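An overview of the molecular structure
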Amino acid sequence: MATLAARFTLLVVIAAPTAHAELMLDRDDVEDRVNGVLSLMSYSMTLDLASSSLQIKDGSSGNPSIKMTQLGGGATMSKSFPLYLEGAAAYSRYDPRFVATDGAEQRSIPVKWNSVSATGGVGWDFPISDEVVVRPIASVGLGYMTSDLNAARIFINRKTNKQIKFLDDGQMSALGLGGAMMLDWERVRPDYEADIELRYTYMNLQQIGGDEAINGEVTAETANLWSRWRAPTGWVVMQRPLRYVLEFSHSEYLGDQRGALGFDRLSTFGLGVEFDSSAYDIFISRTRLVLRQMVGDNVSGLSLGLAVSF
């Protein structure tokens, strides 16, 4: 269970109601929350196994859920033409509950923030040896977020300032620019395959469009270790050896991501199987199913991953 950081808790103070009462909200408070949403978006704009699929619920704080799902991958074209391409598309939803008070009573105001993002990266493999390459990557990402407090319109039915209006039908576009540096070791043998990657990713996200009442900017930095071991089980499926798969990854979140969801780091341990369909005339050569256990500060859970190779 993750404990949400304080930046996702909002107190709206309303003056004693009158016929011309105006609902006010401090501009800095809204921008802090927008930066928080950008921080959430930054998890989706970087290729990271640990945070590619997160669903967090914190019932104790009244913030019911955060959901993030990412589909992505990367590959080098060939050893003779070592162009590396990667990409990811992601969706996230955050449903905070703000508390409004007029001094006498309090009301819970549900707000729904939905965001979609897409990221692409281009790199080049520089071989150090037959099994080790250094891979610099340039990345660009685009994100779009909408805000809706439709369920609370009956309560907020008075004149509001621009900051409050952003919470209702507000929208924001974000541009992410950055890159990554990878060190990749890959060994292929008849009786096993091993792969270890060290990666540092940096991306700066800035608001480029949307509501003029707010401005947001965050910096995302992630240091990641990822490893995989594959070996035959001794069984034959689809005329090819069935492999078992062992995985481990560890991500250290830096910059504005650090602590944004109540944790600074995540680790995953995976166990799965890999089917080889290369004996058949289909475009998918391998299919991999991996069950992963996630652990981190105040976070634990299970996920099932599906991956294919072409």
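It should be emphasised that the depicted structure is a prediction, and the values quoted were computed from it without experimental measurement. (Residues numbered from 1 in each chain as written. Predicted model: local features only at pLDDT ≥ 70, side-chain atom pairs only at ≥ 80, totals over all residues. Heavy atoms only, no water.)

Things to note about the pattern of salt bridges
Cut-off, in case you're wondering: The salt bridge definition used is simple: a Lys or Arg side-chain nitrogen within 4 Å of an Asp or Glu carboxyl oxygen. In this description a helix means any DSSP run of H or I spanning at least four residues, a strand means any run of E spanning at least two, and both kinds are numbered starting from the N terminus. Throughout, exposure labels follow a simple rule: accessible area from a 1.4 Å probe, protein chains only, divided by the maximum for the residue type, with under 20% read as buried, over 50% as exposed, and the rest as partly exposed.
Scanning all chains against the criterion turns up 18 salt bridges. Measuring nitrogen to oxygen at the nearest pair gives 2.9 Å for the salt bridge that ties E86 to R199. Within this pair, whereas E86 is found in strand β5 (residues 83-95), its partner R199 is found in strand β13 (residues 192-210), the two being separated by 113 residues in sequence. On the accessibility criterion, E86 (11% relative accessible area) is buried. A residue is classified by how much of its surface remains accessible, and R199, at 10% relative accessible area, is buried. The residue E247 makes a salt bridge to R292 at a minimum N-O spacing of 2.9 Å. Note that E247 is positioned in strand β15 (residues 240-255) and R292 in strand β17 (residues 286-296), a separation of 45 residues in sequence. Residues joined by salt bridges that share partners form a network here, namely E193, R230, R243, E274, D276, R286 and R288.

Quick notes on the side chain of Q257
The cut-off we apply is this: Definition of a polar contact: a pair of N or O atoms within 3.5 Å, with one able to donate and the other able to accept a hydrogen when the atoms are protein atoms, and with sequence-neighbouring residues admitted only if both atoms are side-chain atoms. Residues count as neighbours in contact if any of their non-hydrogen atoms are within 4.5 Å of one another.
Here Q257 is to be found in the loop between β15 and β16 (265-276). Residue class for Q257 comes out buried when judged on its relative accessible area of 1%. Here the side chain of Q257 touches S42 through a polar contact of 3.4 Å, side chain to side chain. Those residues in contact with Q257 that sit more than four places away from it in its chain are S39, S42, Y43, T219, A220, E221, T222 and F263.

Some details on the confidence of the model for the protein chain
Spelled out, the test is: Every residue carries a pLDDT, the predictor's confidence in it, which falls somewhere between 0 and 100.
Chain-level pLDDT for the protein chain is 77 on average; 69% of the residues reach the 70-or-more range. Mean pLDDT across the elements of the protein chain ranges from a minimum in strand β1 (residues 11-13), with 33, to a maximum in strand β9 (residues 126-127), with 96. Note on residues 150-155: pLDDT under 50 across the span, and 11 contacts to partners over four residues away in sequence or across chains. Predicted confidence is poor over residues 157-163, with pLDDT under 50, and the contacts of this stretch with residues over four places away or in other chains come to 19 contacts.

Here we look at the nonpolar core
Here is the rule we go by: Only buried Ala, Val, Leu, Ile, Met, Phe, Trp, Tyr and Cys residues count toward a nonpolar core, and they belong to the same one when joined by side-chain atoms within 4.5 Å.
Core analysis: the largest hydrophobic core is formed by 24 residues, its most contacted members being Y43, L205, L261 and F263. Elements supplying a minimum of two residues to this core: α1 (27-44), β4 (63-76), β12 (171-189) and β13. Looking at this core element by element, the count peaks at five residues for α1.

Things to note about empty space enclosed by the protein
Selection criterion: Using protein atoms alone on a 1 Å grid, points that fit a 1.4 Å probe yet trap it form a cavity, whereas open point sets bounded by protein on both sides within 12 Å along at least five of seven lines form a pocket; residues with an atom within 4 Å of a point count as lining. Grid points are joined across faces, edges and corners, and a volume is the space filled by probe spheres set on the points.
Using the criterion set out here, one finds four cavities of 30 Å³ or more in the structure. Each pocket or cavity is described by its volume, and for the largest cavity that value is around 80 Å³. Lining the largest cavity we find 15 residues, and of these M45, E86, T119, S139 and R199 sit closest to its centre. Looking at the lining of the largest cavity, the element that brings in the most residues is β13, giving four residues.

So, the pairing of strand β14 (residues 217-237)
Regular strands show a simple pattern: their side chains alternate between the two faces of the sheet. As a reminder of what qualifies: A strand pair is defined by DSSP finding two or more bridges across the two strands.
Across 15 bridges, the pairing between β14 and β15 is antiparallel. If you follow W226 over to β15, its bridge partner there is S249. Remark: two residues form the turn of the hairpin made by β14 and β15, two consecutive strands paired antiparallel; M238 in that turn has positive phi of roughly 55°.

Focus on unusual backbone geometry
Unusually for a residue other than glycine, M238 sits at a positive phi of about 55°. Within the secondary structure, M238 sits in the loop between β14 and β15. A positive phi angle is found at Q239, which is not glycine, with a value near 65°. Looking at the secondary structure, you find Q239 in the loop between β14 and β15. Residue class for Q239 comes out exposed when judged on its relative accessible area of 54%.

What to know about a nonpolar patch on the surface
The criterion, for reference: Each patch is built from residues lacking any salt bridge and having more than 30% relative accessible area; the joining distance is 9 Å for like charges and 5 Å for nonpolar side chains (Val, Leu, Ile, Met, Phe, Trp, Tyr). Exposure was quantified through the Shrake-Rupley algorithm and a 1.4 Å probe, taking into account, for residues, occlusion by the shown protein chains and nothing else.
Where nonpolar side chains cluster on the molecular surface, the patch consists of F283, L289, L291, L302, L304, L306, V308 and F310 and spans about 920 Å² of accessible area. Going through the elements one at a time, β17 and β18 (299-309) are the ones with two or more residues in the nonpolar patch. A relative accessible area of 36% places V308 in the partly exposed class.

Re the environment of S277
Residue position: S277 is located in the loop between β16 and β17. The class of S277 is buried, set by a relative accessible area of 5%. For the pair S277 and M238, spaced 39 residues apart in sequence, the C-alpha to C-alpha distance is 6.2 Å. Each residue touching S277, except ones within four places of it in the same chain, is listed here: M238, I282, I284, S285 and R286.

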